[in-house]
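Residue strings, one per chain:
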There are 2 protein chains.
Amino acid sequence: MPIFEQVAILGPGLLGASLAMAVRERKICERIVVWGRKEERLESCRAKPWCDFADRDLQKILFGSDLIVCCTPVDSIREMVGEIMPRTVKDVLVTDVGSVKESICREAREASTEESGTFVGSHPMAGSEKSGMEFASADLFLGRTCILTPDEDCPDEKVKRLTEFWGLLGMKIQVESPCRHDEIVANVSHLPHFLASSLGQYLSKRPKEWMEASGQGLRDTTRIAQGDAGLWLEIMKANQSKLSDSLDHWTKSLEEAKEFLRKGEWENLEKFLADGAHLRKSLGSGK
Amino acid sequence: MPIFEQVAILGPGLLGASLAMAVRERKICERIVVWGRKEERLESCRAKPWCDFADRDLQKILFGSDLIVCCTPVDSIREMVGEIMPRTVKDVLVTDVGSVKESICREAREASTEESGTFVGSHPMAGSEKSGMEFASADLFLGRTCILTPDEDCPDEKVKRLTEFWGLLGMKIQVESPCRHDEIVANVSHLPHFLASSLGQYLSKRPKEWMEASGQGLRDTTRIAQGDAGLWLEIMKANQSKLSDSLDHWTKSLEEAKEFLRKGEWENLEKFLADGAHLRKSLGSGK
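Keep in mind that this is a model prediction, so the values were computed, not measured. (Residues numbered from 1 in each chain as written. Chains lettered and ligands numbered in written order. Predicted model: local features only at pLDDT ≥ 70, side-chain atom pairs only at ≥ 80, totals over all residues.)

(A) Local environment of the overall build of chain A. Helix and strand content of chain A: 11 helices and 9 strands. Of the contacts made within chain A by residues no fewer than 6 positions apart, 72% connect residues no fewer than 24 positions apart. (Helix = DSSP H or I, 4+ residues; strand = E, 2+ residues; numbered from the N terminus. Contact = placed C-beta atoms within 7 Å.)

Here you go:
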């Protein structure tokens, strides 16, 4: 049964298009409208079963939408949200899919007026190394976690409504403050990416033929490093201070372990390896 | 067509048992004999189609073998090889499957007499997080790289013979000096493991609930960290100085990249990410 009248998807990239597909498939709303920058892209949207109307004019898209989801690249979400909030009216729910939340939520708060709708940040932790509408899939969200980041004074009912929305797409919901969210993803997502990139970058300066001796271990450890460099630059920019902190803390444990190796403190080194193995096993094999 | 009379497998673990299976399947020799420490384990070997004779008495196993492959855990290979070499006779080829080569090859050289057979180190880069005979598979070696580490004065004909052996199991052969081999694996195998462990160990000290926000990226980056801590301790011990060097060199690039982030040198950070992505893409998706 539809829980929204009209859902607006801003930015029909991998996430935006997958979201529209999933929303249609699960009959979450009556109408799906799409905003995009490029007429050519909108033209292909219009041919899809998950798009009832597409336009470059933001005003036409916002009009009549009771849920607005900003799915543009992370570096433009803040600006977009700043543009949208003053144009919304009470009862409209606005959210986004950005992977860094504090700056976006602050912008939404500052751009809102007394009459504005409610912004609640979302971070659906779904994606792929691929990008673009052509890789979209209605199942992208299935079984993944979505972190909601409401402001302290956000009405519970709005959080509940958004929880229902992502839940219908098969996501597990977690609620955190925007600041806490950014700290968590700095550690469990941006740090691993930085590390994988760093290993790849270091090895790119070594003799090419060495790579013939590499195996699945190196491939797994560096897999996420193939993500789009421009996109990841924007994510790291947006989470600069928390990622820096996380890198500093991690480097401390690393330096300790290097000392165990250098000095031959084998018991300590074995405990270090066992602790790492234990954490990894607790994550399960995943999908 | 058999290229050896009798192949001796010392240590029927994951690698040893897989090797015996593959050797039988490809009819590489007439007879396969197995040495192990535990009578119980040998008893189960005797029931397998890939084992013609199994015994705890090393002398009985060496007798009549023209290829001897030492497949015991990495920390005992050196000692085993030291024990074997003086008992072998001309024309016998001895090799191993250890993942660190310099100390093993040195031991083999020092333990050999004028009458001894020839030792050529092998490092078949095949394995799994699992260990033990029950996970053995004849296809373990297929498409993987095997690094041979002959001493400088090793007759070409011996290297050729061993190249043929591993080649028949489906492996790609690379020849390196023992020292160079250890440097390469320090960089492309032991360094990634250290790094994955370090990330896992660091996160094991953070709040447990953070892990609910982690995704496939973290799981991939830390996958190899679940390898057996005791086994990896022995590998790192055996390659202590080269792994230390590799960690120091890598840490330098890491610290540089951390500075790019901290100081907001975005162009440099993007190049760092792009270099990492490029290296990873060059590795392919692998099997």
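(B) Molecular detail of unusual backbone geometry. All names here are of chain A. A positive phi angle, close to 80°, is found at Asp-91, a residue other than glycine. You can see Asp-91 is positioned in the loop between helix H4 (74-84) and strand E5 (93-96). On the neighbour-count criterion, Asp-91 (9 C-beta atoms within 10 Å) is exposed. (Buried ≥ 20, exposed ≤ 12 C-beta atoms within 10 Å, placed from the backbone.)

(C) Structural detail: the sheet that holds strand E5 (residues 93-96) of chain B. Residue and element names in this part refer to chain B. Pairing in this open sheet of 6 strands is parallel, and the strands run E3-E2-E1-E4-E5-E6 from one edge to the other. Here the strands that pair on one side only, and so sit at the sheet edges, are strand E3 (53-55) and strand E6 (118-119). Here 4 bridges tie strand E4 (residues 67-70) to E5, and the two strands are oriented parallel to one another. Following the sheet pairing, Cys-70 is matched in E5 by Asp-96. Running at roughly 165° to strand E2 (residues 29-35), helix H1 (residues 14-25) makes contact with strand E1 (4-10), E2 and E4 of the sheet. The strands that helix H4 (residues 74-84) touches are E1, E4, E5 and E6; relative to E4, the one it contacts most, it runs at about 155°. (Pairing = 2+ DSSP bridges. Axes fitted to C-alpha atoms, helices over the stretch in contact; angles between N-to-C directions.)

(D) Highlighting the confidence of the model for chain A. Summarising the model, chain A shows a mean pLDDT of 95, and 99% of its residues fall at 70 or more. The ipTM, which scores confidence in the relative placement of chains, is 0.85 for this predicted complex, and the corresponding pTM is 0.85. (pLDDT = per-residue confidence, 0-100.)

(E) Region of interest: the relation of the copies chain B and chain A. Rotating chain B by 180° and moving it 0.0 Å along the rotation axis overlays it on chain A with an RMSD of 0.0 Å. This pairing of chains is accounted for by a two-fold axis. Considering only C-alpha atoms, the residue of chain B closest to the rotation axis is Thr-221 of chain B, which sits at 2.0 Å. Take the interface residues of chain B: 100% of them recur as interface residues in chain A, which is what a same-surface contact looks like. (Least-squares fit on C-alpha atoms with pLDDT ≥ 70 in both.)

(F) Broad picture of the interface of chain B and chain A. Taken together, the contact between chain B and chain A spans 74 residues of the former and 74 residues of the latter. Ranked by residues supplied to the side of chain B that touches chain A, first place goes to helix H7 (residues 178-203) of chain B with 16 residues.

(G) Main features of the packing of H4 of chain A against helix H5 (residues 102-111) of chain A. Residue and element names in this part refer to chain A. In the contact formed by H4 and H5, the axes pass within 8 Å of each other and the chain directions differ by 15°. With respect to each other, H4 and H5 are oriented roughly parallel. Judged by the sense of rotation from one axis to the other, the crossing of H4 with H5 is right-handed. Where H4 approaches H5, its residues Ile-77, Arg-78, Val-81 and Gly-82 are matched on the opposing element by Ser-103, Ile-104, Glu-107, Ala-108 and Ala-111. Residues that form the contact of H4 with H5 fall into these classes: 5 nonpolar, 2 polar and 2 charged. (Parallel < 35°, antiparallel > 145°, perpendicular 65-115°, else oblique. Left-handed = near helix turned anticlockwise from the far one by under 90°. Nonpolar A, V, L, I, M, F, W, Y, C, P; charged D, E, K, R; others polar.)

(H) Quick peek at the domain arrangement of chain A. All names here are of chain A. Domain annotation for chain A reports domain 1 (4-176) and domain 2 (181-283). If you average the C-alpha positions of domain 1 and of domain 2, the two centres end up 32 Å apart. The interface of domain 1 with domain 2 comprises 14 residues on the first partner and 12 residues on the second. Broken down by secondary-structure element, the contributors of at least two residues to the side of domain 1 that touches domain 2 are H4, H5 and strand E8 (145-149). For the side of domain 1 that touches domain 2, the class distribution of residues is 4 nonpolar, 5 polar and 5 charged. (Domains from an automatic or database assignment.)

(I) Examining the sheet that holds strand E9 (residues 172-175) of chain B more closely. Residues and elements named next belong to chain B. With mixed pairing, 3 strands are arranged side by side in an open sheet as E7-E8-E9. Edge strands, defined here as strands with exactly one partner in the open sheet, are strand E7 (121-124) and E9. Direction aside, the axes of adjacent strands within the sheet are offset by 25° on average. Across 4 bridges, strand E8 (residues 145-149) lies against E9 in parallel orientation. Looking at E9, one finds that Leu-148 is bridged to Val-175.

(J) Expanded view of helix H1 (residues 14-25) of chain A. All names here are of chain A. Compared with the 16 Å implied by 1.5 Å per residue over 12 residues, the 16 Å span of H1 between its first and last C-alpha is a close match. Counting buried positions along H1 yields 10 of 12 residues, so the element is predominantly enclosed. Of the positions making up H1, those classed as buried are Leu-14, Leu-15, Gly-16, Ala-17, Ser-18, Leu-19, Ala-20, Met-21, Ala-22 and Val-23. Considering only its buried residues, H1 is in contact with strand E1 (4-10), strand E2 (29-35) and strand E4 (67-70). Following H1 by one or two positions, Lys-27 adopts a phi angle in the positive range, close to 50°. (Expected span 1.5 Å × (residues − 1).)

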